[in-house]
Amino acid sequence: MKKRSQAINTVWTVILTILSLAWVYPVVVVLINSFKKDSAISTNTAFQLPPADGFAGLGNYANAIHSKGFLAAFFNSFIISVTSVVLILVCCSMCAWFITRVNSKVTKLCYFLFVFSMVVPFQMLMFTLANLADKTKLNTPFNICIVYLGFGAGLAVFMFCGFMKSIPLEIEEAAMIDGCGPIRTFFLVVLPMLKPTLVSVGILETMWVWNDYLLPYLVLDKTKYMTIPILVQYFRGGYGRVELAPMMACIIIAIIPVTVLVMVSAGRTTQAMTGRKKKEADHAE
């Protein structure tokens, strides 16, 4: 049985390694092409290393940063991502706590409505949403977070409710006996215990908001505000010619912040789990 289990683990390791390489390969291709000149990027050479006469170095990155309003687009994407994710984490965690602890027909209905919102296609709402955002002045990077809160609440509330049910109610009752009100109980007792779910939801929502193209394209005034996904399509020259090399460099720069966030969050989560297991082992001894 032990040999069979090891063989199964080996097979799964090989399969998952191949799948991971398949996912990483397109990113590697974009990275390679970001160092080429436009003339060196073609159907036949797109998957090859840049030749000596087609190597552009960091010139594409400098061109991407200093042209097309990249810094402004990066700032807009950063503001939208931070405000939206923070609003989703705070509001949805509080909502999930209320739904979980107040067991009534109204809260159950609210929970099912949040879950139902995850299956509603965005294309059914996008035109009326764009019109409503214009009328309510939600078409700037500083208040579009309200729109993202509405679309991101379904998944966030679903995940928070699932984790909230595992938190013992006696901990909150003890805090209230010590004089904590509902707000202090949530922020001082419940919220720290939600850290694993906060990290998971934060990563998922950040990846969604940072890489989102359609919602900012419909809502924002593109003559004033652009995000990085919108900016990528504007790397066009005369007569529709696409500047592929700076576009590839812009894509790589856009990938870096989310990649760093995921790696840092994963490292801290692993470190916290290792420390918790060590404390449990020391306590057992």
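Residues numbered from 1 in each chain as written. Predicted model: local features only at pLDDT ≥ 70, side-chain atom pairs only at ≥ 80, totals over all residues. Heavy atoms only, no water.

A. Just the packing of helix H3 (residues 70-101) against helix H9 (residues 195-211), in detail. For the pair H3 and H9, the least separation of the axes is 9 Å and the interaxial angle reads 145°. For the pair H3 and H9, the sense of crossing is right-handed. Counting all contacts with H3, which are made through Phe74, Ser77, Phe78, Ile80, Ser81, Ser84, Val85, Ile88 and Leu89, the residues of H9 involved are Leu198, Val201, Gly202, Glu205, Thr206, Trp208, Val209 and Trp210. Residues of the contact of H3 with H9, tallied by class, amount to 11 nonpolar, five polar and one charged. (Axes fitted to C-alpha atoms, helices over the stretch in contact; angles between N-to-C directions. Helix = DSSP H or I, 4+ residues; strand = E, 2+ residues; numbered from the N terminus. Left-handed = near helix turned anticlockwise from the far one by under 90°. Contact = heavy atoms within 4.5 Å. Nonpolar A, V, L, I, M, F, W, Y, C, P; charged D, E, K, R; others polar.)

B. The pattern of salt bridges, seen in detail. Under the definition given, this model contains one salt bridge. Here arginine 101 makes a salt bridge to glutamate 172, at a shortest N to O gap of 2.7 Å. With arginine 101 in helix H3 and glutamate 172 in helix H7 (residues 169-177), this pair connects stretches of sequence that are 71 residues apart. Residue glutamate 172 is classed as buried on the basis of its relative accessible area, which comes to 3%. (Salt bridge = Lys/Arg side-chain N within 4 Å of Asp/Glu carboxyl O. Buried < 20%, exposed > 50% of the residue type's maximum accessible area, 1.4 Å probe, protein only.)

C. Quick look at H9. Taking 1.5 Å as the rise per residue, H9 with 17 residues should run 24 Å; its terminal C-alpha atoms sit 24 Å apart, in good agreement. Along H9, the residues that are buried comprise Thr197, Leu198, Val201, Gly202, Ile203, Glu205, Thr206, Val209 and Trp210. (Expected span 1.5 Å × (residues − 1).)

D. Examining a nonpolar patch on the surface more closely. A surface patch of nonpolar side chains, amounting to about 910 Å² of accessible area, comprises Ile8, Val11, Trp12, Ile15, Leu16, Leu19, Trp23, Val24 and Val28. By the element assignment, leucine 16 lies in helix H1 (residues 2-33). (Patch = residues over 30% accessible without salt bridge, like charges linked within 9 Å, V, L, I, M, F, W, Y side chains within 5 Å. Areas by Shrake-Rupley, 256 points an atom, 1.4 Å probe, with all protein chains shown as cover.)

E. Examining the environment of alanine 52 more closely. Tracing the chain through its elements places alanine 52 in the loop between H1 and helix H2 (59-66). Each C-alpha atom, one on alanine 52 and one on lysine 36, is 9.5 Å from the other, the two residues being 16 residues apart in sequence.

F. A look at unusual backbone geometry. The backbone of lysine 137 shows a phi angle near 60°, a positive value even though the residue is not glycine. Of note, lysine 137 is situated in the loop between helix H5 (126-135) and helix H6 (145-164).

G. Main features of the environment of valine 190. The residue valine 190 is located in helix H8 (residues 182-193) in this model. With 26 residues separating them along the chain, valine 190 and methionine 164 place their C-alpha atoms 8.6 Å apart. With residues up to four places along the chain from it excluded, the contact list for valine 190 reads Trp97, Met164, Ile167, Glu172 and Thr185.

H. Looking closely at the nonpolar core. In this structure, Cys92, Phe160, Met164, Val190 and Leu194 are the most contacted members of the largest nonpolar core, which totals 21 residues. When contributions to this core are tallied by element, the ones reaching two or more residues are H3, H6, H8 and H9. Residue contacts for methionine 164: discarding those within four places in its chain leaves Ser93, Ala96, Trp97, Thr100, Arg101, Val190 and Leu194. Residues Phe70, Met226, Phe235 and Cys250 belong to the second largest nonpolar core, which totals 20 residues. (Core = buried A, V, L, I, M, F, W, Y, C linked by side-chain atoms within 4.5 Å.)

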